[in-house]
Every structure is written in structure tokens, then in C-alpha cells.
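# Per-entry structural report
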Amino acid sequence: MPMVDVEALGRLVAEYEALSPSRSPEARQRLRDVCYTIGIYTGEADAARAVARARALLERQGPAGSGGSADGAPGDAGAHAALLTELGELAAREQRSGSLPTLHDVVQLTRVAVPDCVGAAVSTWHDDGSVETFAASSSYLLALERAQGETGAGPLPRIRRQGEGQVVIRLDPGRPGRFADRARRCGVRAVASAHLRTHPHGCTAFSAYLRTPVEPGTPALGLVEALALQASTALDRFALARAVADLLDRRHATGLAIGITAERFGVPPHTALNLLVRAAQQLGTDLDTVARRLAAEGSTG
């Protein structure tokens, strides 16, 4: 049987029951989040089976929520308590340090902080012609981002050739082509882009779209370059979050430990993984041992 935080699981099931009758978009989104977390606790991908299993686990635990290790060994219970204490202290320090900016935060900051900026976006242009936009400050910039992939459009071809640094393109209002037409409609006269990383089959860039042409060396371009560094850091965290999602799918014990930590301490999954790794370092053990202390591998039928 999984070692779960019975009180937290009980709260999730109660919230599920309270939200189920509601039809508001906010309630339905929260209900999906609750079902996902219950699924992490129970190891069930299907929401209905996850809730049913959670109810069964709660009934077996009893009203006092007694649990612990399968054999009730005092040493296991002490290790579990010590781990929760360590995670609580780490989570408190994490929350006191303040949240780091996301990609969405960076592109929104670019729009309001850079003079004459229409907006910003972070995208990867893959060699197969597809475009993956991770964040954009407005919906119409998505069309501009995709149009950059055309031959000779925007700064993308030069970024691909140069492979690093910043590229600034001044757009000729009379230049034909889909990118130029869309840029004109959006009031864009220049694009300042910075290469963020090289993929084996693609190119990722941070682009700021400007209403007025700029010359190299102007303060606005220096600010765009600094914001691009912030975007690169946020993109790394975004990649870590994706890796955590894969980990949740592939490894039940570690995934369950991440879910328990995220729910108990109110942190996102990638932060929960960081806390588990740091707790393992503090306790002189490894991640697998920490995960097993929080959640027994597998579950009984």
C-alpha cells in the first residue's frame, strides 16, 4: 500500500466532491488539477479509478489516518518524519526566497519595459518546418513567429547562420511577403532576436518586436539582451518541468513522492523534485531512497 499523506489525500477527495457539481470554467480547471494530483497519489491515470482508489485507501487507513511503513517499524516511521521535516524546512526557504520569473513573465516584462515594444515571444523553429512557441505576449505575435520561418523572413535565417548573439532586423515597409505584411499590420518596424540554444534539428530564439527601427548599441537593445538571458534561464526551468512530467509518467515511486511533496508544501512539480534532491543530499542518501520513504513502490490490489 502506498505511504501517503492521508490528511492531504482526504482534503483532495473532499475538494473533488465539492467541485464535481460545479460547471464554471475555474472550477472545472481546478477539478482537473485535483484529479491529476489524486492520480499521482494512487498511481491511476483514469480520474474515476483514481478517486475510487483514493476513497478505498482512506477507508483502509481509518479515521485516525494511521499509516507508516508496511511492517510498522519504528525506524521507518522516524525516517519518514525526519524527511518530512527536512522537506518542510527546504520548502519554507524556497518560498521565502521568492518565485523566479517564468517565460510568460519575461515576455510580458519585455513588452512594458522596452521602449516602443509591441511584444515578445520565445519559439523554436524545427527543421521539419514546424514552430513551437513557448510564450508570447499577445496572440497575434504567434502569427509573426510562424512567418519568421519563411525563407528570408525576419531575423531567423541570420540567427541560424550566426548561431549565437543578438540579431536586429529593420523591416522595410514596402517589402513584400507574408512576414512583412503581418509585421506592417502589427505596427512592427524592427525585430531584435537573441539565440537561446541550439537543438539538433531546430533553432530557439527570444524575439522582441519593435515599433521603431533601432541602431546597434542603443540602450533598448542592451535591455533586450538582458531579458533574453532571463528568458534562457526560464526556458531551462521549463525544460526541467517537462523532464519532471516524464519522470511522473515513468517512475511511480518518484512520481508519487513528487506529487506528495508538491501537494503538502504547495510548490510546483519541478520545485518538488529539487526539494527531494536537496533533501537526499542533506540526509546523506539518494533520490530513490527518499522517494521510497515517501511512497512505497507499487501498491496492493
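What you see as residue numbers is a count from 1 along each chain, following the sequence as written. Two thresholds apply to this predicted model, a pLDDT of at least 70 for residue-level local features and 80 or more for giving and counting side-chain atom pairs, whereas whole-chain, interface and lining totals are computed over all residues. Water and hydrogen atoms were dropped before computing side-chain values, which therefore reflect all heavy atoms in the structure.

On to the environment of Thr285, then. Its place among the elements puts Thr285 in the loop between α11 (269-283) and α12 (287-294). Only protein chains enter the accessibility calculation, which uses a 1.4 Å probe; a residue is then buried when its area is under 20% of its type maximum, exposed when over 50%, and partly exposed in between. With relative accessibility at 27%, the residue Thr285 sits in the partly exposed group. Throughout, a residue-residue contact means that at least one pair of heavy atoms, one from each residue, lies within 4.5 Å. When residues no more than four places from it in sequence are discounted, the contact partners of Thr285 are Ala280 and Val290. Labels follow the DSSP assignment, with helices taken as runs of H or I lasting at least four residues and strands as runs of E lasting at least two, numbered in each case from the N terminus.

A few words on the packing of α11 against α12. Put simply, α11 and α12 touch, their axes get as near as 9 Å, and they point 105 degrees apart. With respect to α12, the axis of α11 lies roughly perpendicular. Residues Leu273, Leu276, Val277, Ala280 and Leu283 of α11 lie in contact with α12, whose contacting residues are Leu287, Val290, Arg293 and Leu294. Interaxial angles span 0 to 180 degrees and are taken between N-to-C directions of axes, which are lines fitted to C-alpha atoms, for helices over the stretch in contact. For classification, angles of less than 35 degrees are called roughly parallel, those exceeding 145 degrees roughly antiparallel, those between 65 and 115 degrees roughly perpendicular, and all remaining angles oblique.

For the pair helix α6 (residues 140-147) and helix α8 (residues 178-185), interaxial distance at closest approach is 9 Å and the crossing angle is 155 degrees. Judged by the angle between their axes, α6 and α8 are roughly antiparallel. At the point where α6 passes α8, the crossing takes the left-handed sense. From α6, Ala143, Leu144, Arg146 and Ala147 reach across to α8, where they touch Arg178, Phe179, Arg182 and Ala183. In the scheme used here, Gly and all other residues not listed as nonpolar or charged are polar, with Ala, Val, Leu, Ile, Met, Phe, Trp, Tyr, Cys and Pro taken as nonpolar and Asp, Glu, Lys and Arg as charged. Its residues assigned to classes, the contact of α6 with α8 comprises 5 nonpolar, no polar and 3 charged. Should the near helix be turned anticlockwise from the far one by less than a right angle, the crossing is termed left-handed; should it be turned clockwise, right-handed.

Before going further, it helps to spend a moment on helix α1 (residues 6-19). Residues separated by three or four positions in an α-helix point in the same direction, a consequence of the helix having 3.6 residues per turn. End to end, α1 covers 20 Å across 14 residues, agreeing with the expected 20 Å (1.5 Å per residue, within 8%). The complete set of buried residues in α1 reads Val6, Ala8, Leu9, Leu12, Val13 and Leu19. The buried residues of α1 occupy one face: seen down the axis, they fall within an arc of 165 degrees. Along α1, exposed side chains directed more than 90 degrees from the buried face belong to Glu7 and Ala18. Each helix should span, by expectation, one fewer than its residue count multiplied by 1.5 Å. Regarding the arc, it is the one traced by the directions from the helix axis to the C-beta atoms.

Opposite charge on two side chains lets them pair, provided their charged atoms get close. Definition used for salt bridges: Asp or Glu carboxyl oxygen within 4 Å of a side-chain nitrogen of Lys or Arg. Per the stated rule, a full pass over the model turns up 2 salt bridges. A salt bridge links Glu15 to Arg30; its shortest N-O distance comes to 2.7 Å. Highlighted residues: Glu15 in helix α1 and Arg30 in helix α2 (residues 25-42), separated in sequence by 15 residues. Taking the relative accessible area as the measure of exposure, Glu15 reaches 25% and is therefore partly exposed. Take Arg30: its relative accessible area is 33%, and that puts it in the partly exposed class. Notably, a salt bridge pairs Arg55 with Glu17, separated by 3.1 Å at the nearest N-O pair. Linking Arg55 in helix α3 (residues 47-61) with Glu17 in helix α1, this pair joins segments that are 38 residues apart in sequence. Taking the relative accessible area as the measure of exposure, Arg55 reaches 35% and is therefore partly exposed.

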